[in-house]
Amino acid sequence: MKFGKEFTAQMVPEWQGAYMDYTYLKTLLKEIHLFKLKTKPPQLSTNAHGLTRRLTLYRAFSGLTQRNTTPKISPSSNPDIESQPILVNSVKKPDGEFGLETMFQMTSDEGGEYELVYFRRLDDEFNKVIKFYRGKVDEVMKEAAVLNKQMDALIAFRIKVDDPHYEWPDSAKEMTRLASDVAASTASLAASTPGLKASRRVTVMDMIEEERSLEAQADQSSADQEKVKEEKQFVQGLKPMNSKNYDDHKQVDSGNRVVQELKPMNSKRTKRPAPLEILTRVTINNTLETPRSSIRGILNVPNQAELKFSKENLNKVEDQLKRAFVEFDHKLRLLKSYSFLNIMAFSKIMKKYDKITSRYASKPYMKMVENSYLGSSEEVVKVMDRVEATFIKHFSNSNRKKGLSILRPKAKRERHRVTFSLGFFAGCTITLIFALVLLIHARHILNKEGQKQYMVTMFPLYSLFAFIVLHMFMYAANVYFWRRYRVNYPFIFGFKEGSALGYREVLLVAFGFAVLALASILANLDMEMDPKTGDYKRFTELLPLGVVVLAFVIIICPFNIIYRSSRFFMLTCVFHCICAPLYKVALADFFLADQLTSQVQAFRSLEFYICYYGSGDYAHRDSSCSSNDMYKTFHYIVAIIPYWSRLLQCLRRLVEEKDGMQGLNGLKYFATIVAVTTRTAYSRSRDSTEWYIIAWVASGVAAASGTYWDLVLDWGLLQRNSKNRWLRDKLLIPHHSVYFGAMVLNVLLRLAWLQTVLDFQVSFLHKQTLITIVASLEIIRRGIWNFFRLENEHLNNVGKYRAFKSVPLPFHYDEDEDKEG
């Protein structure tokens, strides 16, 4: 693979604009190369060329070679400044920051203006990379300081839970004696270990440990403070605490703390000095999202609670800090990768420059890169070491393998059994479809008397499976194209790292469900009554209900089978949709609610299941649901539940975010509720002219507002002043016709649902078949909408360089008390 493609593939998608623009710089080098080819003197004939080459080699070996052109600088030579092709200087920019400026000294050469443009753009790219990297490192160091305080509070919390009666000894004499003993021990250890260096820079995360800082002892004598200073100089050279003698010796913390190692957390801890006074400045954040916390947030009530030293609270705090450390370490690894990839890109592009121009400018330039903040800064690496050591010690009982498996979970590998199972179930699905078609044709089932009864009773039951399978197929296609165009959908949805399903896994579930449904259809595809009993067989008539119950059991199954993490994530989002607006609205919540608005007919099929099997009509394959008043009432209610949930989510976001657009979005869903209600009323009373007019107007308003919202706000298209006319400035798909085709399809499929108002009649299609087709078209429209909606969300994250999710921390630290102190 060429470096350019590999470089792009390893970028953090949301940071793509912050990386060095390797492609553009490569284009500039191509222009330099083409210019040199045009100005290159004509080549000699083959014989003359061979003779000249042999003569040149002879002179070279004889030491007689004389060069009349500008002397080239070899990488190993040490030429004068005037003979160097470039000079790299650090200059102060107008905004007050320092940047790089490369002076190209060969501008008088033929084509030098092309190379001058190249180096100016190269400087711009390097300054951009340095500025972004420095800013991100500053953010990381601030987060490290916050995590340091969180760890202090956690360690004190643990000690208090283990021994509620333990108190921090506040005797100044005791502290002075303790500091003196430790300083003496560290001095003797330093004298016996000459290889340790005292020049190592202490980072913020070096302060993450479990004992009281020696710097906090303001009442120590001057002699003791001098010893503490000597101790600081020593501990700066200590390696991270992951050596073999980790559990056997006392160590001195590189964050200037006295450390007596914790024993395994399942053993009895010995009493030791601990910074318990930090507990007077912290409270517990109620990070668990509940209806009560939502109401407190709306009322601006502080969402903190007093410390209760219990095992239950300790476990919650540890779980929250685990998630915070995992996300923080992920950010550090991406920053390290960002630095490495950019340095590699600068090295590659300068080697290409040397190859084209033969100037050997890469050595001085890369020396500058390596000495810059990008190449010489070690803050990120040091923080990563401390995060790893701290996490292994405090969250995995010093088990390195277990700790790293939690801190850095490995990405899911594509398994051959998934591909094999997918192929097997896909083959079974195709076979069952052919068998179903042949059975209907061979037995002339469509011409039998029971055909109409079957379409009224059994067809609505099985259409539910078609809706679910079709939606899963569309989602699998979305996942495939999201991955192809590098849309970071796991981050956008908030999936746990490594738990996001690929398109193969989604297709496997879809085909498996399709096999169950088709087998059930074949088992009871009988239009005639049993001649012996005079009725239908109860077992075969219960098969559709059995498939639904089996699917429900699998979804709620607590065992770690059939993608438990994804199932529980979906159930959580469903619960949030049902309980809207009592839970904070995340993107995954309203995205799922939008999917449910396209499954109105599936909800009505579920309602029919309850009525059909609840009334016992299945024994005679005869439905009385259409004449049931309660069924008619719920026919209205079921249709508006998804839209109502989405409306409440918009109102919640309107109150929390103070965003007026969410209010307009809520009005759009309210218009859709009115449209669905009036269309349902009109379908029940076809002779009413008033309902016909009302349904027409409401449906037209809902279709127009929904189409505009899809194209302009959800997809970000139809921008007149964009550089891609009527599209966005940034597009992931290179073919613009795809976007225009999607917009046209969206409009046409939006109008398809007006069929219930227009009352189209197709002679060769049953009414239930036509309803199923229209509902399937809406699912297809939603599948198309999904891709462009997430593409727009991804590009918004790219524009804001937003690549990490914020993890709530368990403790609230009162900074005011520190300032007062």
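Residues numbered from 1 in each chain as written. Predicted model: local features only at pLDDT ≥ 70, side-chain atom pairs only at ≥ 80, totals over all residues. Heavy atoms only, no water.

For the protein chain, an unreviewed UniProt entry supplies the name Phosphate transporter PHO1-like and the organism Heracleum sosnowskyi. Entered under Sequence similarities (unreviewed entry) in the UniProt record, the comment concerning the protein chain runs "Belongs to the SYG1 (TC 2.A.94) family." Database annotation for the protein chain, UniProt heading Subcellular location (unreviewed entry): "Cell membrane". (UniProt positions renumbered as here; feature names shortened; annotations may be inferred.)

J.: Explain the overall build of the protein chain to me, please; I cannot follow it from the model alone.
T.: What the protein chain contains, in helices and strands, is 28 helices and seven strands. The buried share of the protein chain, taken over its 821 residues, is 44%. With the model as given, the accessible surface of the protein chain reaches about 44,900 Å², and the carbon-plus-sulfur share is 59%. (Helix = DSSP H or I, 4+ residues; strand = E, 2+ residues; numbered from the N terminus. Buried < 20%, exposed > 50% of the residue type's maximum accessible area, 1.4 Å probe, protein only. Areas by Shrake-Rupley, 256 points an atom, 1.4 Å probe, with all protein chains shown as cover.)

J.: Just to check I follow, could you spell out the environment of Ala361 for this structure?
T.: In this fold, Ala361 is placed in the loop between helix 8 (311-357) and helix 9 (362-371). When the C-alpha positions of Ala361 and Met350 are compared, they lie 7.3 Å apart, and in sequence the two are eleven residues distant.

J.: I would appreciate a short explanation of the packing of helix 21 (residues 600-614) against helix 22 (residues 629-657) in the present structure.
T.: When two helices pack together, their arrangement is given by the angle between their axes and by how far apart the axes lie. For the pair helix 21 and helix 22, the least separation of the axes is 9 Å and the interaxial angle reads 145 degrees. Of the two possible hands of crossing, helix 21 and helix 22 adopt the one that is right-handed. On the side of helix 21, the interface is formed by Val600, Phe603, Arg604, Glu607, Phe608 and Cys611, while helix 22 contributes Tyr631, Phe634, His635, Val638, Ala639, Pro642 and Tyr643. Of the residues belonging to the contact of helix 21 with helix 22, the class tally is ten nonpolar, one polar and two charged. (Axes fitted to C-alpha atoms, helices over the stretch in contact; angles between N-to-C directions. Left-handed = near helix turned anticlockwise from the far one by under 90°. Contact = heavy atoms within 4.5 Å. Nonpolar A, V, L, I, M, F, W, Y, C, P; charged D, E, K, R; others polar.)

J.: Looking at this structure, I do not really get the nonpolar core. What am I missing?
T.: It is characteristic of soluble globular proteins that their nonpolar side chains tend to be buried jointly. The biggest cluster of nonpolar side chains holds 79 residues, and the ones touching the most others in it are Trp15, Tyr118 and Tyr365. Top contributing element to this core by residue count: helix 4 (residues 112-162), with 21 residues. What Trp15 contacts, discounting residues up to four positions off in sequence, is Phe132, Lys136, Leu334, Leu335, Tyr338, Tyr801, Ala803 and Phe804. Core analysis: the next-biggest nonpolar cluster, separate from the first, contains 40 residues, Phe465, Phe513, Ala602 and Ala775 among them. (Core = buried A, V, L, I, M, F, W, Y, C linked by side-chain atoms within 4.5 Å.)

J.: Please explain helix 20 (residues 587-597) as it appears in this structure.
T.: Residue pairs spaced three or four apart in an α-helix point in one direction, given the helix's 3.6 residues per turn. With ten of eleven residues buried, helix 20 is to be regarded as a mostly interior element. By the burial criterion, the buried members of helix 20 are Leu587, Ala588, Asp589, Phe590, Phe591, Leu592, Ala593, Asp594, Gln595 and Thr597.

J.: Help me out: how do you make sense of the packing of aromatic side chains in this one?
T.: Two aromatic rings are characterised by how far apart their centres lie and by the angle between their planes. All told, the structure shown has 46 aromatic pairs when counted by the stated rule. With a centroid separation of 6.2 Å and an interplanar angle of 65 degrees, the aromatic rings of Phe7 and Tyr22 are classed as edge-to-face. Pair noted here: Phe7 is in helix 1 (residues 3-9) and Tyr22 is in helix 2 (residues 22-38), with a separation of 15 residues, a long-range link. Of the two residues examined, Phe7 and Tyr22, each falls in the buried class. Aromatic side chains Phe157 and Phe309 sit 5.2 Å apart centroid to centroid with 45 degrees between the ring planes, which places their arrangement in the tilted category. Of this pair, Phe157 sits in helix 4 while Phe309 sits in the loop between strand 6 (304-305) and helix 8, placing them 152 residues apart in sequence. (Phe/Tyr/Trp six-rings, centres within 6.5 Å; stacked < 30°, edge-to-face > 60°.)

J.: Hey, could you run me through the state of the cysteines in this one?
T.: As used in these notes, a disulfide is a covalent bond between sulfur atoms, one from each of two cysteines. For the coordinates displayed, the defined rule picks out one disulfide. Here Cys611 is linked by a disulfide to Cys625, with a sulfur-sulfur distance of 2.1 Å. In this structure the cystine formed by Cys611 and Cys625 twists about its S-S bond by roughly -115 degrees; its chirality is therefore left-handed. With Cys611 in helix 21 and Cys625 in the loop between helix 21 and helix 22, this pair connects stretches of sequence that are 14 residues apart. Of the two residues, Cys611 and Cys625, both sit in the buried class. Distance from the sulfur of Cys579, which forms no disulfide, to the nearest cysteine sulfur (Cys577) is 9.6 Å. (Disulfide = S-S within 2.5 Å.)

J.: Would you take a moment to explain unusual backbone geometry for this structure?
T.: Across the chain, the bulk of peptide bonds are trans and the bulk of non-glycine residues have phi less than zero. Pro581 follows Ala580 through a cis peptide bond whose omega is 10 degrees. Relative to the helices and strands, Pro581 is located in the loop between helix 19 (564-578) and helix 20. In this structure, Tyr360 is a non-glycine residue whose phi angle is positive, near 60 degrees. With respect to the element layout, Tyr360 can be found in the loop between helix 8 and helix 9.

J.: Before we go on, may I ask you to explain the environment of Ile637 in this structure?
T.: With respect to the helices, strands and loops of the structure, Ile637 is situated in helix 22. With relative accessibility at 38%, the residue Ile637 sits in the partly exposed group. For the pair formed by Ile637 and Thr677, sequence separation is 40 residues and the distance between their alpha carbons is 8.6 Å.

J.: Teacher, can you tell me more about the UniProt feature "transmembrane region" (unreviewed entry) in the protein chain here?
T.: The UniProt record annotates "transmembrane region" (unreviewed entry) at residues 418-441, 461-482, 503-522, 542-561, 691-717 and 738-758. Helix makes up 100% of residues 418-441 and strand 0%, whereas the separation of the span's terminal C-alpha atoms amounts to 35 Å. Secondary structure across residues 461-482 divides into 100% helix and 0% strand, with the first and last C-alpha atoms of the span separated by 33 Å.

J.: Can you walk me through the pattern of salt bridges in this structure?
T.: Pairing between side chains of opposite charge can happen when the charged atoms of each approach one another. Throughout the structure, instances matching the rule amount to 26 salt bridges. A salt bridge links Glu115 to Arg359; its shortest N-O distance comes to 2.7 Å. Of the two residues, Glu115 sits in helix 4 while Arg359 sits in the loop between helix 8 and helix 9, which places them 244 residues apart along the sequence. In terms of burial, Glu115 and Arg359 fall into one category: buried. With a shortest N-O distance of 2.8 Å, Arg750 and Asp710 are connected by a salt bridge. Of the two residues, Arg750 is situated in helix 25 (residues 736-752) and Asp710 in helix 24 (residues 689-714); the sequence distance between them amounts to 40 residues. (Salt bridge = Lys/Arg side-chain N within 4 Å of Asp/Glu carboxyl O.)

J.: Would you mind showing me how to read the environment of Lys355 here?
T.: Secondary-structure assignment places Lys355 in helix 8. When the C-alpha positions of Lys355 and His33 are compared, they lie 9.7 Å apart, and in sequence the two are 322 residues distant.

J.: Can you help me understand the side chain of Arg604 in this one?
T.: For Arg604, the position within the fold is in helix 21. No salt bridge is formed by the buried Arg604; its nearest oppositely charged neighbour, Glu607, is found at 5.7 Å. Polar contacts involving the side chain of Arg604 include one to the main-chain carbonyl oxygen of His635, which spans 3.5 Å. Ignoring sequence-local partners within four residues, the contact set of Arg604 consists of Tyr631, His635, Val638, Ala639 and Thr680. (Lys, Arg positive; Asp, Glu negative; His and termini not counted. Polar contact = N/O pair within 3.5 Å; in protein donor to acceptor, adjacent residues only side chain to side chain.)

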